[in-house]
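# Descriptive analysis of the structure
Residue strings, one per chain:
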Amino acid sequence: MNILKTLRNLALVGWLCVVMTSIALGATILALKLAATVTTMTAKVAATAAAHRKQLAKAKAKARLRRALVAVPVAGVGAAFYFEEQDYQEWLAENPGGTRQQYACEVAALSAEVIDEWLQEMPEKVRPSEEWLLSQVPECEEGET
């Protein structure tokens, strides 16, 4: 009689181990799926943040061009230099170790996009030549933009 009771207890313990192992495996699989979801969402957030930074930089490039066009008087030129230095300092905070040449290349690349859109809207008679515009762009290496 004791042997039967012991066997039943062992069988019960065995089934409990199987059930607990199944629950642990299920929880592990669920945790892995959730970790994959978090990783995917983190990557999407990073991509969205990068796109947002690029949009902000493009908006700054537009504003910079407007300031440059308005900066004809001496006081306007001084203000333009002041605003440009502020923009550079903000860029430098986001890009520690960056140089003015790298900043100029990034600004030139973003400004080129804006200028291209703007020039397409201008009448061809008053539009500057493409060769002249390209001569005004700073020399940049591949990794600087």
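As shown above, the structure is provided for reference.
Residues numbered from 1 in each chain as written. Predicted model: local features only at pLDDT ≥ 70, side-chain atom pairs only at ≥ 80, totals over all residues. Heavy atoms only, no water.

## A look at the overall build of the protein
Regarding its fold elements, the protein presents four helices and zero strands. A total of 145 residues make up the protein; the buried ones form 12% of that total. Across the protein, every contact between residues at least 6 apart in sequence was considered, and the portion connecting residues at least 24 apart equals 55%. Entry remark: accessible area of the protein is about 11,600 Å², with carbon and sulfur atoms responsible for 67%. (Helix = DSSP H or I, 4+ residues; strand = E, 2+ residues; numbered from the N terminus. Buried < 20%, exposed > 50% of the residue type's maximum accessible area, 1.4 Å probe, protein only. Contact = heavy atoms within 4.5 Å. Areas by Shrake-Rupley, 256 points an atom, 1.4 Å probe, with all protein chains shown as cover.)

## What to know about the layout of surface pockets
A volume near 440 Å³ is recorded for the second largest pocket. Lining the second largest pocket are 19 residues; nearest its centre among them are Arg53, Ala57, Trp91, Glu106 and Leu110. Elements with a contribution of two residues or more to the lining of the second largest pocket: α1 (2-70), α2 (74-94) and α3 (100-121). In terms of residue count, α1 provides more of the lining of the second largest pocket than any other element does, seven residues in total. When the residues that make up the lining of the second largest pocket are grouped by side-chain class, the tally is eight nonpolar, two polar and nine charged. (1 Å grid on protein atoms, 1.4 Å probe; cavity = no way out; pocket = protein on both sides within 12 Å on 5 of 7 lines; lining within 4 Å. Points joined across faces, edges and corners; volume = space filled by probe spheres on them. Nonpolar A, V, L, I, M, F, W, Y, C, P; charged D, E, K, R; others polar.)

## Observations concerning the pattern of salt bridges
Following the criterion strictly, the structure yields two salt bridges and no others. With a shortest N-O distance of 2.4 Å, Lys60 and Glu90 are connected by a salt bridge. With Lys60 in helix α1 and Glu90 in helix α2, this pair connects stretches of sequence that are 30 residues apart. (Salt bridge = Lys/Arg side-chain N within 4 Å of Asp/Glu carboxyl O.)

## Some points on the packing of aromatic side chains
Going through the model one piece at a time under the given rule, you end up with three aromatic pairs. Between Tyr88 and Tyr103, the aromatic rings sit 5.2 Å apart at their centres with planes inclined by 70°, giving edge-to-face as the arrangement. Residue Tyr88 is located in helix α2, and its partner Tyr103 is located in helix α3; the two are separated by 15 residues in the primary sequence. When its relative accessible area of 8% is taken as the criterion, Tyr103 is described as buried. Among the aromatic side chains, those forming a connected cluster through ring pairs are Tyr88, Trp91 and Tyr103. One residue, Arg100, lies across the ring of Tyr88, its end atom 4.0 Å from the ring centre. (Phe/Tyr/Trp six-rings, centres within 6.5 Å; stacked < 30°, edge-to-face > 60°. Lys NZ or Arg CZ within 6 Å of the ring centre and 35° of its normal.)

Bear in mind that shape data such as this cannot, by itself, settle questions of function.
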